[in-house]
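The lines below spell out each chain.
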Amino acid sequence: MSEAVALLHDLTPTVEQLLERHLASAKEWFPHEVVPWSRGRDFDPERPWEPGDSDLTLSDEVRSALFVNLLTEDNLPYYFRTIETMFGRDGAWGEWNRRWTAEEGRHSIAIRDYLTVTRAIDPVELERARMAQVECGQVPEPETAADGIAYVALQELATRIAHHNTGKVMDDPAGYEVMKRVASDENRHYIFYRDLVSAALEIDPSTVVQAIDRQVRDFEMPGTGITDFEAHAKAIARAGIYDYGVHHDAILQPVVVRHWRLEQLEGLDAAGERARASVLKYIERVGKAARRLASRREPALAG
Ligand SMILES: [Fe+2]
Ligand SMILES: [Fe+2]
């Protein structure tokens, strides 16, 4: 049995429990109930979109965040494929992936309906970007099962934070509600994977801590295949929706260091020890860089 297959096999009882907990805590919700339909009207194909068409006053940064958040959700077929390849179709692993996919599917429905009704972003640009992204099908493909669960735990939390922070800066209660509903799904996905990683750390700490080290150091949001992703990511950081500080203070420290108890792990072999030292050092560096950037930004904001 390969290492990856053995780990998945040993984690199966945990996946069964976590899936049961996930289903028991699920609250049904309907995208159509959170979309403010009365604010909508027909589109004239002859008239190109302009920002003034919307009843919202959004900065370009917030528009970037909405654009990237929605397109990231639109790439769901490829996330499904990656996870199915990694976890297989059978038993609780397959059941989890299908349930998760069904929940993820409503995120793009809710966000797109909201953006279309409120005319918050150019629907033609958005649809062209969706076509380009889904045709290219670029997604992170972690190499091992341990890498996979470490990546998705970080990514689900990052996505929750990005959606929730976007909702907060929109200045529209209906928009906040849409983003909050989506973020609360992401939170439940994150908790599932976070606890799966904790269980994996107990089974095979050295393998898993090496995977955590790789995934933390190489972490990228899943939207890298989006047209002009870099420019949008910079805009999103400028708006404080997702930047180094958020990444360090809301993900790396509380989850990787504290929740996964990296410093207290026992029974690591030499490679595991090296990985732990490497990831802790990396996290410290991210924290320092974040504080440096924040202190540079503050005087500028005050001025
Ligand atoms: Fe999602
Ligand atoms: Fe999710």
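Everything numeric here is computed off the predicted structure, so don't read it as measured data.

Draft legend 1. A look at helix α7 (residues 145-169). Counted at 1.5 Å a residue, the expected span for α7 with its 25 residues is 36 Å, and the 36 Å between its end C-alpha atoms agrees. With 21 of 25 residues buried, α7 is to be regarded as a mostly interior element. Where α7 terminates, the next one or two residues include Asp171, which has phi positive at roughly 60°.

Draft legend 2. Representation of the coordination of the iron ion (ligand 1). At this site the iron ion (ligand 1) is bound by Glu73 (OE), Glu73 (OE), Glu104 (OE), His107 (ND1) and Glu186 (OE), with donor distances of 2.0 to 2.3 Å. The distance between the iron ion (ligand 1) and the iron ion (ligand 2) comes to 3.9 Å, and Glu104 binds to both of them. Remark: Glu186 occurs in helix α8 (residues 173-203) and His107 occurs in helix α5 (residues 91-118); sequence separation between them is 79 residues.

Draft legend 3. Representation of empty space enclosed by the protein in the model. Counting across every chain of the model gives 1 cavity of 30 Å³ or more. Surrounding the largest cavity, 19 residues form its lining, Tyr79, Trp100, Val152, Gln155 and Pro222 being those nearest its centre. Of all elements in the fold, only α3 (60-74), α4 (76-87), α5 and α7 reach the threshold of two or more residues within the lining of the largest cavity. Residues belonging to the lining of the largest cavity are distributed by class as follows: 11 nonpolar, 4 polar and 4 charged.

Draft legend 4. How the structure looks around the side chain of Ser54. Mapping Ser54 onto the fold places it in the loop between α2 (31-34) and α3. At a separation of 3.0 Å, a polar atom in the side chain of Ser54 contacts the main-chain amide nitrogen of Leu56. Discounting residues that sit within four places of it in the chain, Ser54 has contacts with Thr118, Arg119 and Ala120.

Draft legend 5. Structural view of the packing of α3 against α5. Interaxial distance between α3 and α5 falls to 8 Å at its minimum, and their mutual angle equals 145°. Where α3 crosses over α5, the handedness of that crossing is left-handed. Contacts between α3 and α5 involve Leu66, Leu70, Glu73 and Asp74 from the former and Glu104, His107, Ser108, Ile111, Arg112 and Leu115 from the latter. Taken together, the residues of the contact of α3 with α5 sort by class into 4 nonpolar, 2 polar and 4 charged.

Draft legend 6. Region of interest: helix α6 (residues 123-136). For α6, built from 14 residues, the straight-helix expectation of 20 Å at 1.5 Å per residue is met to within 8% by its first-to-last C-alpha distance of 20 Å. All buried positions along α6 are accounted for by Leu126, Ala129, Gln133 and Val134. Seen along its axis, α6 keeps its buried residues to an arc of 120°; they face one direction. Away from its buried face by more than 90 degrees, α6 exposes Arg128 and Glu135. Residues of α6 that are buried in the fold lie against α3, α4 and α5. Looking at where α6 begins, the residue whose side-chain oxygen comes 2.9 Å from the main-chain nitrogen of Val124 is Asp122.

Draft legend 7. Structural view of the coordination of the iron ion (ligand 2). Taken together, Glu104 (OE), Glu156 (OE), Glu186 (OE) and His189 (ND1) make up the full set of protein donors to the iron ion (ligand 2), lying 1.8 to 2.3 Å away. Seen from the iron ion (ligand 2), its 4 donor atoms lie at angles of 92 to 145°, and the figure they make is irregular. Each donor residue of the iron ion (ligand 2) belongs to the same chain, with the gaps between them written as E-x51-E-x29-E-x2-H.

Draft legend 8. Quick peek at the environment of Ile203. Secondary-structure assignment places Ile203 in helix α8. Given a relative accessible area of 35%, Ile203 falls into the partly exposed group. If we skip the residues at most four places from it in the chain, Ile203 touches Leu7, Asp10 and Leu11.

Draft legend 9. Highlighting the layout of surface pockets. Volume-wise, the largest pocket comes out at about 880 Å³. Those elements that place two or more of their residues in the lining of the largest pocket are α3, α7, α9 (205-217), α10 (229-238), α11 (244-259) and α12 (270-302). Residue composition of the lining of the largest pocket, grouped by class: 16 nonpolar, 7 polar and 8 charged. Of the voids in this model, the second largest pocket is the one considered here, and its volume is about 230 Å³. In terms of lining, the second largest pocket is formed by 14 residues, of which the most central are Pro140, Glu141, Pro142, Gln215 and Asp218. Secondary structure elements with two or more residues in the lining of the second largest pocket: α7 and α9. Looking at the lining of the second largest pocket residue by residue, the class counts come to 5 nonpolar, 3 polar and 6 charged.

Draft legend 10. How the structure looks around the pattern of salt bridges. Scanning the model with the defined rule gives 19 salt bridges in all. One salt bridge in this structure joins Glu103 and Arg99, with 2.6 Å as the shortest N-O distance. Note that Glu103 and Arg99 are positioned in helix α5 at a spacing of 4 residues, about one turn of the helix. For Arg99, a relative accessible area of 31% translates into the label partly exposed. Put simply, Glu177 and Lys180 hold a salt bridge, and the shortest N to O gap is 3.6 Å. Taken together, the residues Glu177 and Lys180, both in helix α8 and 3 residues apart, mark about one turn of the helix. Looking at Glu177, the relative accessible area reads 24%, which means it is partly exposed. Accessibility expressed as a relative area gives 34% for Lys180, which makes it partly exposed.

Cut-off values and rules
Residues numbered from 1 in each chain as written. Chains lettered and ligands numbered in written order. Predicted model: local features only at pLDDT ≥ 70, side-chain atom pairs only at ≥ 80, totals over all residues. Heavy atoms only, no water. Helix = DSSP H or I, 4+ residues; strand = E, 2+ residues; numbered from the N terminus. Expected span 1.5 Å × (residues − 1). Buried < 20%, exposed > 50% of the residue type's maximum accessible area, 1.4 Å probe, protein only. Donors = N, O, S within 2.8 Å, 3.2 Å for Na, K, Ca; no water. 1 Å grid on protein atoms, 1.4 Å probe; cavity = no way out; pocket = protein on both sides within 12 Å on 5 of 7 lines; lining within 4 Å. Points joined across faces, edges and corners; volume = space filled by probe spheres on them. Nonpolar A, V, L, I, M, F, W, Y, C, P; charged D, E, K, R; others polar. Polar contact = N/O pair within 3.5 Å; in protein donor to acceptor, adjacent residues only side chain to side chain. Contact = heavy atoms within 4.5 Å. Axes fitted to C-alpha atoms, helices over the stretch in contact; angles between N-to-C directions. Left-handed = near helix turned anticlockwise from the far one by under 90°. Arc of directions from axis to C-beta. Tetrahedral: all angles 85-135°; square planar, octahedral: opposite > 155°, others 65-115°. Salt bridge = Lys/Arg side-chain N within 4 Å of Asp/Glu carboxyl O.

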